[in-house]
Amino acid sequence: MAGPNPGSRRGRFAPYALISPGLLWLLLFFLVPLASLARMSLSTKQSRFDFDPSFTWDWGNYADVFQKYGVQLGRSFLFAAAATVLCLLIGYPMAYWVAFRAGRWRNVLIGMVVVPFFTSFLLRTVSWTVVLADDGLVLRVLRSAGVVGVLRSIGLTDGDRLLDTPLAVIGGLTYNFLPFMVLPIYVSLEKIDTRLVDAANDLYATGSAAFRRVVLPLSLPGVFAGSLLTFIPASGDFVNAFFLGGTRSRMIGNVVQDRFLVQLDYPGAAAISLVLMAIITSAVLLYAKLLGTEELA
Amino acid sequence: MARTAPLWTRRRFLRNSAALLGGVGVMPGLLTACGGDDSASPAARSSADGSGSTTLTVDSWPIYIDDDPAEGTVARFEAATGISLTWNETINDNNEYFAKIQPVLSDGKTIGADIISPTYWLVPRLVQLGWLEPLPIDAIPNRANLLPSLKNPSWDPGGEYSLPWQTGITGIAYNRKVTGKVIGSMADFFAPALSGKVGVLTEMRDTIGLLMLADGQDPASATFERAESAFARLQEAKESGHIRRFTGQDYLDDLVAGNFAACVAWSGDVAQLALDNPDIGFAIPEEGGMRFADCMVIPKGAANIDNAARFMDFVYNPANAARITAAVQYISPVQGVDEALRQLGGEAAALADSTVLFPDAATTSRLHVFGSLSEEDEARFDEAFSAIASV
Amino acid sequence: MRARAGRLALGGAALAGFVYLFVPIALIVAFSFNEPAGRFNLVWQRFTLDNWLHPLARSDINETVLLSVEVALVATAAAAVMGTLVALALARYRFRGGALINLLLVLPLTTPEIVMGSSLALLFIDRGVARGFWTVAIAHTMFCVSFVAITVKARIRGLDWTLEDAAMDLGAGPWRTFSRITFPLILPGVLAAALLSFSLSIDDFIITSFVSGEGDVTFPKYVYGAFQRELAPQVHVVSTALLLLSIGALGLSVLYQRRRT
């Protein structure tokens, strides 16, 4: 990581002095809280209004996570995975087109990917409720095209509507995390020397072969980073399911929010949070192994 | 909580300076309009807490007061008393609010507010936890105007800790543009035609209360066994997709947008909404409706108990209460509001004849209050309800 | 022919992606010109300029925006300093524990917000710290430090540090070397990272909802609550104005880059 380092003669302690404020902050406000979370997840409320649950090695909270909220947990990863795949399908062509076809407008266009995200995340999501509303244009068009019936038959929507269905939640997640997919892919594509692409085009018979053999492998780090930046926040999100989901599209984030902020069930919420984190961490490691990417940042 | 102070102070400052400038000319007129009791000089009511402070903070629900910056209750109270009143609309959900204040109050510290507005069922819990100050009843002479039926409520026998802020009816709201007709009963509400187009409240007593009534059970004597079929019906309606969403006050969005054909709703909200959307109506279900009260209570350690009492006294003056009623369209707990509304004239006068605002005997007989639950039963109700509504 | 068809398909797909990105944005802009019937600016009624003529009419909304800006400024400033120092250390020195630091920096980015929010809230509750402005600022600083450190590190990794040594050799003291050489070198990276931090902080909802007190209503918290009671067109006006500001900033930076190259 650290480059050749002529400055090291300025004392061995300099780097530690430089990192200490930031390091201390992350220790105090990221790692220590995780320890509190772990401790709380093994605690028990002695009564309904016991606001200071005592630490008892109570593994029951973890059993509850799977028994009571297994459905929401599974649904969260399903929705997040679907949104990640959709982001990739929508975002890759965008990044590719901007990187190789947009010419001098590259910077403007990549800026356009970011611009929508300077409005409020919540208001954007609220706007989707207007777009997808029962007497909205989108639903009318899809209905007359007969698409709604198909979507319902494969379980993506409920009844004759789009809003308050799993599809709307997945759509919202895809929308809200799309830039996190486009930007890293763009960065990795932008680094590719266009002469390399030209050479590949000469070398391979078809454009698709050139893409498969040269461009795609070189963009994989971007795909990897983009997938993580989409999948992780999507799997813990509760905003999209709150505004766009119905009774049968609640995600695990909604459960944590409810257990913690409404029901005051700190041990339960802590156990769910930790399970979520453990599953995500293992998924990330597995994914890194599959794609052969070692370095995250 | 501490953080909001500078912001509020800034606003307070502007408002206070404005009041100071305008006050000289306006105040005498306002004071006579408000009735004698409020004109008592601040000095005449020396503080019981000895602080002599001139501030008051209230945590309430959204859109629950007439909020005109010049003519509204806040402005008139400030002009009449010289107390600067901070009105926070921070309560969206009883449980959520309870969860927010719990760490502070159970630590023995004080929350910033001097008056908070929990719904009736939360009051006994707060009393039991020792988180409320008893009301300084002697400092609230207008408490005599409390409706007799609310003088000795089940949630606070003797009214030692609480005064109702507003009361209301939980019933069904519907959008005629979607339904094509009036939804007047729970049978209509659960008719297959409305499948996927109805919402129910996350407030347990409202939703389960209506469902118990639909089952012919009286929620006044609710036990978990008697509510079991109501829970079963709720579960079934959720799983079949009949219920589209569990909502807080956000049912208003879905009702306006036409996503809900009908939903469980609060009377005043719907009356306010119907002013701009004539297709929207409210019905007390044939099987019976629920009655609720949101209360004013003083949290433990509140800094301005004296000023809190003065505010309660102010809003229990029928002339002042009528203005709140005209804006929020809930049932006032104050006697004589109908007369005061007639005196206000105009649109307000018409409200005096509304049976939703002033339920007659026939209407009252169709309304029920959720009985108090034993601690053990309440836990079972909450657990069963959140297992359906929150996941 | 085939190549041309492929090109068209690619352009079409990219265009469709951009349309998807801008649908809700177009709606937000449009609804800032709506004259709503009643409390919810969610159904189109008729065109009006009123909302734009009175963009600050709602003092309650203005206060929430102000609070969000205050939090974002504090968090960005703190994170920019701490994050840049970490980035400098990692880019300039090879030291024991560097790899571990790298891992620690990445962790907040690979942890769902809901986990960070709930764990921090528990810490504050455990220690009896009342949640308020400072707990929100602390939380925002925490995730911004990581972003700043990683962004700045990536930007300055390839810089030529020999200039620093040259300055030192010529007798400049460490402070002078920093202010004259190092700081100008890293400044563009730090500014970019600070902008990113600012936009992350000002729009954060999930973590804020756990670590804020009852009375600390940031703009995102306001919008969440507004869905329950009253969505005023001024919300759309404020959001559109923020959008225009950022487009302006983007335009300026593109022009600036053009002029430099």
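Definitions and limits used
- Residues numbered from 1 in each chain as written.
- Chains lettered and ligands numbered in written order.
- Predicted model: local features only at pLDDT ≥ 70, side-chain atom pairs only at ≥ 80, totals over all residues.
- Helix = DSSP H or I, 4+ residues; strand = E, 2+ residues; numbered from the N terminus.
- Rg over C-alpha atoms; globule rule 2.2 N^0.38 Å.
- Buried ≥ 20, exposed ≤ 12 C-beta atoms within 10 Å, placed from the backbone.
- Contact = placed C-beta atoms within 7 Å.
- Core = buried A, V, L, I, M, F, W, Y, C linked by C-beta atoms within 7 Å.
- Domains from an automatic or database assignment.
- Nonpolar A, V, L, I, M, F, W, Y, C, P; charged D, E, K, R; others polar.
- Axes fitted to C-alpha atoms, helices over the stretch in contact; angles between N-to-C directions.
- Parallel < 35°, antiparallel > 145°, perpendicular 65-115°, else oblique.
- Pairing = 2+ DSSP bridges.
- Right-handed = clockwise from strand over helix to strand, strands pointing away.
- Arc of directions from axis to C-beta.
- pLDDT = per-residue confidence, 0-100.
- Expected span 1.5 Å × (residues − 1).
- Bend = angle between axes of the 7 residues up to and from the residue.

Draft legend 1. Molecular detail of the overall build of chain C. In terms of helices and strands, chain C carries eleven helices and zero strands. In sequence order, the secondary structure elements of chain C are arranged as α-α-α-α-α-α-α-α-α-α-α. The C-alpha radius of gyration computed for chain C amounts to 23 Å, which surpasses the reference 18 Å derived for 261 residues by more than 25%, pointing to a less compact arrangement than a globule. Over its C-alpha atoms, taken along the principal directions, chain C stretches across nearly 70 × 70 × 35 Å. Within the span of chain C, comprising 261 residues, buried residues form 50% of the whole. A separation of at least 24 residues holds for 78% of the contacts in chain C among residues at least 6 apart in sequence.

Draft legend 2. Layout of the overall build of chain B. Counting secondary structure elements, chain B contains 16 helices and eleven strands. In chain B, the share of contacts with a sequence separation of at least 24, taken over all contacts with a separation of at least 6, comes to 78%.

Draft legend 3. Inspection of the environment of Pro 221 of chain A at higher detail. All names here are of chain A. Secondary-structure assignment places Pro 221 in helix H9 (residues 207-235). Residue classification places Pro 221 among the partly exposed positions, given that 18 C-beta atoms sit within 10 Å. Measuring from C-alpha to C-alpha, the distance between Pro 221 and Leu 189 comes to 9.7 Å, with 32 residues separating the pair along the chain.

Draft legend 4. Unusual backbone geometry, seen in detail. Residues and elements named next belong to chain B. In this structure, Ile 63 is a non-glycine residue whose phi angle is positive, near 50 degrees. Counting through the fold element by element, Ile 63 comes out in the loop between strand S1 (55-59) and helix H2 (73-81). The phi torsion at Gln 329 lies on the positive side, around 60 degrees, for a residue other than glycine. Looking at where Gln 329 falls in the secondary structure, it is placed in the loop between helix H12 (318-328) and helix H13 (337-344). Look at Gln 329 and you get buried, because 23 C-beta atoms sit within 10 Å.

Draft legend 5. Quick peek at the nonpolar core. One finds Ala 95 of chain A together with Ala 173, Ala 262 and Cys 263 of chain B to be the most contacted residues of the largest nonpolar core, which totals 269 residues. Of all the elements, helix H3 (residues 59-92) of chain C adds the most residues to this core, at 17 residues. When we break this core down by domain, the ones giving at least three residues each are domain 1 (4-165 + 294-357) and domain 2 (168-291 + 364-389) of chain B. Non-local contacts of Ala 262 of chain B, meaning those with residues more than four positions away in its chain, are made with Ile 172, Ala 173, Tyr 174, Thr 179, Ile 183, Phe 189, Leu 194 and Val 198 of chain B.

Draft legend 6. Expanded view of the interface of chain C and chain A. On the chain A side, the residues contacting the 80 residues of chain C number 74 residues. Here the side of chain C that touches chain A takes 16 residues from helix H1 (residues 2-31) of chain C, the largest share from any one element. Along the lines of polarity and charge, the residues of the side of chain C that touches chain A split into 56 nonpolar, 16 polar and eight charged.

Draft legend 7. Highlighting the packing of helix H2 (residues 60-101) of chain A against helix H12 (residues 266-291) of chain A. Residue and element names in this part refer to chain A. Running from N to C, H2 and H12 cross one another at 75 degrees; their axes reach a closest spacing of 9 Å. Taken together, the axes of H2 and H12 are roughly perpendicular relative to one another. Contacts between H2 and H12 involve Asn 61, Tyr 62, Asp 64, Val 65 and Tyr 69 from the former and Pro 267, Gly 268, Ala 271, Ile 272 and Val 275 from the latter.

Draft legend 8. Molecular detail of the pairing of strand S2 (residues 84-88) of chain B. All names here are of chain B. Looking at chain direction, S1 and S2 are connected through five bridges and run parallel. Bridging across to S2, Thr 57 finds its partner in Thr 86. Each parallel crossover has a hand, and the one from S1 via H2 to S2 is right-handed.

Draft legend 9. Spatial organisation of H13 of chain B. Residues and elements named next belong to chain B. Among the residues of H13, Val 337, Ala 340 and Leu 341 are the ones counted as buried. Angular distribution of buried residues about the axis of H13 spans 105 degrees; they occupy a single face of the element. The inward-facing, buried residues of H13 contact H12 and helix H14 (346-351). Backbone geometry just downstream of H13 places Gly 345 in the positive-phi region, at approximately 75 degrees.

Draft legend 10. Representation of the domain arrangement of chain B. Assigned domains of chain B: these are domain 1 (4-165 + 294-357) and domain 2 (168-291 + 364-389). Residue-level contacts link 13 residues of domain 1 of chain B with 15 residues of domain 2 of chain B.

Draft legend 11. Expanded view of the interface of chain B and chain A. With 23 residues of chain B at the contact, the number on the chain A side is 22 residues. Taken together, the elements giving at least two residues each to the side of chain B that touches chain A come down to helix H3 (94-106), strand S7 (243-247) and helix H16 (375-389) of chain B. The element contributing the most residues to the side of chain B that touches chain A is H3 of chain B, with six residues. Here the side of chain B that touches chain A is composed, by residue class, of eight nonpolar, ten polar and five charged.

Draft legend 12. Summary view of the environment of Leu 185 of chain C. Residue and element names in this part refer to chain C. With respect to the helices and strands, the residue Leu 185 is situated in helix H8 (residues 174-202). A residue is classified by how many C-beta atoms lie within 10 Å of it, and Leu 185, with 16 of them, is partly exposed. For the pair Leu 185 and Leu 159, spaced 26 residues apart in sequence, the C-alpha separation works out to 7.7 Å.

Draft legend 13. Just the confidence of the model for chain B, in detail. Residues and elements named next belong to chain B. With 87% of its residues at a pLDDT of at least 70, chain B reaches an overall mean of 87. Averaged over each element, pLDDT in chain B is lowest for helix H1 (residues 4-34) (36) and highest for strand S3 (residues 115-116) (98). Predicted confidence for residues 1-49 stays below pLDDT 50, and this span has 58 contacts to residues more than four positions away or in other chains.

Draft legend 14. Layout of H9 of chain A. For H9 of chain A, built from 29 residues, the straight-helix expectation of 42 Å at 1.5 Å per residue is missed by more than 12%, its first-to-last C-alpha distance being only 36 Å. At Leu 216 of chain A, H9 of chain A is bent by approximately 45 degrees, the largest bend along its length, and proline Pro 217 of chain A sits one to four residues beyond.

Draft legend 15. How the structure looks around the pairing of S1 of chain B. Residues and elements named next belong to chain B. Of all five residues making up S1, four are buried, and the element is well covered by its neighbours. Bridge count for S1 against S3 is two bridges, and the pairing is parallel. Residue pairing in the sheet places Val 58 in a bridge with Ile 115 of S3.

Draft legend 16. Highlighting the confidence of the model for chain C. Residue and element names in this part refer to chain C. For chain C, per-residue confidence averages 89 on the pLDDT scale, and residues scoring 70 or more make up 97% of the total. For chain C, per-element mean pLDDT is lowest for helix H11 (residues 233-260), which scores 82, and highest for helix H9 (residues 206-211), which scores 96. For this predicted complex, the interface confidence comes out at an ipTM of 0.89, alongside a pTM of 0.88.

Draft legend 17. Just the environment of Ile 110 of chain A, in detail. Residue and element names in this part refer to chain A. Among the structural elements, Ile 110 can be located in helix H3 (residues 106-114). By the C-beta count within 10 Å, which is 21 here, Ile 110 ends up buried. Contacts of Ile 110, omitting those with residues within four sequence positions, involve Val 98 and Tyr 186.

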